[in-house]
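Single-letter residue listing:
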Amino acid sequence: MISLSLLKERLLDSGCSLVVYSPMTSQVSTYHSRGIADLYELYTSCPEILQGASIADKVVGKGAAALMILGGVRVVYAQVVSQSAKKLLQEAGVEISFDTVADYIINRQATGMCPVEKLCSQAITAEECLPLIQNFITQSSC
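Here's a quick rundown of the structure. (Residues numbered from 1 in each chain as written. Predicted model: local features only at pLDDT ≥ 70, side-chain atom pairs only at ≥ 80, totals over all residues. Heavy atoms only, no water.)

In this section: the layout of surface pockets. To find leftover empty space, a probe the size of one water molecule is rolled over the atoms. Considered as a void within the structure, the largest pocket measures approximately 820 Å³ in volume. Surrounding the largest pocket, 32 residues form its lining, Arg 34, Gly 35, Ile 36, Arg 108 and Cys 114 being those nearest its centre. It is helix α2 (residues 37-45) that provides the largest number of residues to the lining of the largest pocket, a total of four residues. Residue classes in the lining of the largest pocket are distributed as 15 nonpolar, 10 polar and seven charged. (1 Å grid on protein atoms, 1.4 Å probe; cavity = no way out; pocket = protein on both sides within 12 Å on 5 of 7 lines; lining within 4 Å. Points joined across faces, edges and corners; volume = space filled by probe spheres on them. Helix = DSSP H or I, 4+ residues; strand = E, 2+ residues; numbered from the N terminus. Nonpolar A, V, L, I, M, F, W, Y, C, P; charged D, E, K, R; others polar.)

The following block contains the structure:
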């Protein structure tokens, strides 16, 4: 078992955006894509990696939190977490630690709310977020 402090250290030192320790593979993996792309890819293509995983992530909005919950993640560290993501994770029993809680995650242009955060804002559960995220990813990849 790898400690969350080691995952946090790897996140901060490596320049990556996401670090995942999977108890299924006993490996630590780093990812560099922006937004929820890497989490969505893991959830859809390699869900076993998320099962019981510990994650260190730079930014966790409601969409990322939903994917973590649906994937079976156990522990999360976030540099920044939105209020709605924090609440969703806590209600699902996911252990969360963070440096900063934001009202919401801002978009890349810093002009408003992140589009996935906005899409998921009215969803109550992680399950309700999933089709919204799938639609967003599908439209973004066209």
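Attention shifts here to the pairing of strand β1 (residues 18-22). Counting buried positions over the five residues of β1 gives five, a clear majority of the element. Covered by surrounding structure in β1 are Leu 18, Val 20 and Ser 22 together with Val 19 and Tyr 21, the residues of both alternating faces. Sheet topology places β1 next to strand β2 (residues 27-31); five bridges connect them, and they run antiparallel. Counterpart to Val 19 in the pairing with β2 is Thr 30. Hairpin connection of β1 to β2: four residues between the antiparallel strands, including Ser 26 at a positive phi of 55°. (Buried < 20%, exposed > 50% of the residue type's maximum accessible area, 1.4 Å probe, protein only. Pairing = 2+ DSSP bridges.)

Below, the discussion takes up the pairing of strand β3 (residues 54-60). In terms of burial, β3 is largely enclosed, as five of its seven residues are buried. Two strands pair when backbone bridges link them, and β1 and β3 are joined in this way by four bridges, in the antiparallel orientation. Its bridge partner lying in β3, Val 19 is registered against Ala 56. In this fold, the crossover linking β3 to strand β4 (residues 75-82) by way of helix α4 (residues 62-71) has right-handed handedness. (Right-handed = clockwise from strand over helix to strand, strands pointing away.)

Quick look at the packing of α4 against helix α5 (residues 83-91) now. Closest axis-to-axis distance for the α4/α5 pair is 8 Å, and the angle between their directions is 15°. When the interaxial angle is binned, α4 and α5 end up roughly parallel. The crossing of α4 and α5 is right-handed. Across the interface between the two elements, Lys 62, Ala 65, Ala 66, Met 68 and Ile 69 from α4 touch Ser 84, Ala 85, Leu 88 and Leu 89 from α5. Looking at the contact of α4 with α5, its residues break down into seven nonpolar, one polar and one charged. (Axes fitted to C-alpha atoms, helices over the stretch in contact; angles between N-to-C directions. Parallel < 35°, antiparallel > 145°, perpendicular 65-115°, else oblique. Left-handed = near helix turned anticlockwise from the far one by under 90°. Contact = heavy atoms within 4.5 Å.)

The values are spatial; any link to function lies outside them.
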